[in-house]
Amino acid sequence: MVKKTRLTENNVTPEQLFYQRRKVLQALGISAAALALPFHAQAELLSWLTGGNKPKTPAGKALAFTPSANYHPNLPLTPEEKVIGYNNFYEFGLDKADPAANAATLKTEGWKIHISGEVAKPITLDMDEILKRFPLEERIYRLRCVEAWSMVIPWLGFELNKLLKLAEPTSKARYVAFQTLYDPENMPGQSSRYIGGGLDYPYVEGLRMDEAMHPLTLLTVGVYGKALPNQNGAPIRLIVPWKYGFKSIKSVVEIKLVEQQPPTTWNLSAPDEYGFYANVNPQVDHPRWSQATERVIGSSGLLDVKRQPTLLFNGYGDQVASLYQGLDLRSHF
Ligand SMILES: Nc1nc2c(c(=O)[nH]1)N[C@H]1C(S)=C(S)[C@@H](COP(=O)(O)O)O[C@H]1N2
Ligand SMILES: [Mo]
């Protein structure tokens, strides 16, 4: 068994410090986490960090979409450079700046998504077919990471239920299982536990069928009016706005409808800390930190970090609380 890596609460470190630290460490040729690692691991990270002229992730191309009247909360957007520069995508490293720096190696050409399992019509779609079949809508959603920070992000996407209906789920379909691309050659965290934190890859996630069919649940292909940058989970990723961010799995290739609750990556890694449901809940603390408040990314100067109260179901309770009637949210965290 590989060592468990745990998400950490970064609330004492404004994101600007991450960038500064990243710059200093890059100048030194080594990353923060590396300093605590054995020598051979430092060497592995060093060769990766200094590995030639890495291509820069290109900006996404502009996409056509309809602004959605119903999903535009009156909230200030997180600046685009934070949305595409401060990321969690452990396949490309553990630091928040790592995905933007390293995800250019993700191969998205010829991408296909495969829907199978408990369906009458298994189906494989490429990105052109997806964009042809499903008109894009802009949805402005809150994103609340389990690490107690948050953003407000304008996604471009379509409701997952439209894709699932196309495959005609059978009566046995009770859950939906999702899987990220597995490509250890181009996703360095999948082949090195020092880069990828020792998670089991490919990254997998799951939803109950009613959660998957809910109109808030999106497959997204863009952000800020353009195709998703690789670091945000290009070319297509899930967004479930009332759940902690780790449910919103990136770079999805497989969607399988199943009878039994599927395994999920963070729950496998630390079952006492990350549950299957992962509904945002200010009353149920993480074992190592409070979930009552959150750090607002992009709102602060270097030292004045704005915190705000976290909302039950991330503020989407009116739409989703009925899904959980009779469920103990404390034991089903
Ligand atoms: N495949 C994969 N999906 C992932 C992750 C990851 O490491 N790998 N991180 C998750 C976490 S913890 C969060 S908070 C969100 C971050 O999405 P963003 O970088 O687009 O804001 O992606 C989620 N999806
Ligand atoms: Mo997260």
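Residues numbered from 1 in each chain as written. Chains lettered and ligands numbered in written order. Predicted model: local features only at pLDDT ≥ 70, side-chain atom pairs only at ≥ 80, totals over all residues. Heavy atoms only, no water.

**Q** Just checking my understanding: could you explain the pairing of strand β8 (residues 218-223) for this structure?
**A** Strand residues, when the strand is regular, have side chains that alternate between the two faces of the sheet. A large share of β8 lies buried, amounting to six of its six residues. Pairing geometry for strand β5 (residues 149-159) and β8, over five bridges, is antiparallel. Counted as the bridge partner of F158 is L219 from β8. In the sheet, β8 pairs with strand β10 (residues 237-239) via three bridges, with the strands oriented antiparallel. From the neighbouring strand, L218 faces β10, where its bridge partner is I239. Taking the residues that link successive antiparallel strands as the turn, the β8-strand β9 (residues 226-227) hairpin has two residues, and the phi of Y224 there is positive, at about 50°. (Buried < 20%, exposed > 50% of the residue type's maximum accessible area, 1.4 Å probe, protein only. Helix = DSSP H or I, 4+ residues; strand = E, 2+ residues; numbered from the N terminus. Pairing = 2+ DSSP bridges.)

**Q** Got a minute to help me understand the site of ligand 1 in this structure?
**A** Near ligand 1, the surroundings consist of 17 residues, among which N87, Y90, E91, R237 and K250 are the closest. N87 is positioned with one of its side-chain polar atoms (N or O) 2.8 Å from an oxygen atom of ligand 1. R237 is positioned such that a nitrogen or oxygen atom in its side chain is 2.9 Å from an oxygen atom of ligand 1. Here ligand 1, which alone exposes 540 Å², has 99% of that area covered by the protein. Of the residues belonging to the shell around ligand 1, the class tally is eight nonpolar, six polar and three charged. (Near = heavy atom within 4 Å. Polar contact = N/O pair within 3.5 Å; in protein donor to acceptor, adjacent residues only side chain to side chain. Areas by Shrake-Rupley, 256 points an atom, 1.4 Å probe, with all protein chains shown as cover. Nonpolar A, V, L, I, M, F, W, Y, C, P; charged D, E, K, R; others polar.)

**Q** Mind showing me how you'd approach the nonpolar core here?
**A** Most often, soluble globular proteins keep nonpolar side chains buried together rather than apart. Among the nonpolar cores identified, the biggest contains 81 residues, and F178, I236, W242 and I255 are the most heavily contacted of them. The greatest single-element share of this core, amounting to six residues, is contributed by β5. (Core = buried A, V, L, I, M, F, W, Y, C linked by side-chain atoms within 4.5 Å.)

**Q** What am I meant to see in the pattern of salt bridges here?
**A** Pairing of side chains with opposite charge becomes possible as their charged atoms draw close. For the structure shown, the criterion picks out ten salt bridges. Between E294 and R144 there is a salt bridge, with its nearest N and O atoms 2.9 Å apart. Placement of the pair is E294 in strand β12 (residues 293-296) and R144 in strand β4 (residues 137-145), with a sequence separation of 150 residues. R144 carries the same exposure label as E294, and that label is buried. One salt bridge connects R288 with E273, and the closest N-O pair in it is separated by 2.8 Å. Taken together, the positions of R288 in the loop between α9 (265-269) and β12 and E273 in the loop between α9 and β12 put the pair 15 residues apart, joining distant regions of the chain. Classification of R288 as partly exposed rests on a relative accessible area of 41%. Each of E137, R139 and E159 takes part in salt bridges that share partners, so that together they form one network. (Salt bridge = Lys/Arg side-chain N within 4 Å of Asp/Glu carboxyl O.)

On their own, these measurements won't tell you what the molecule is for.
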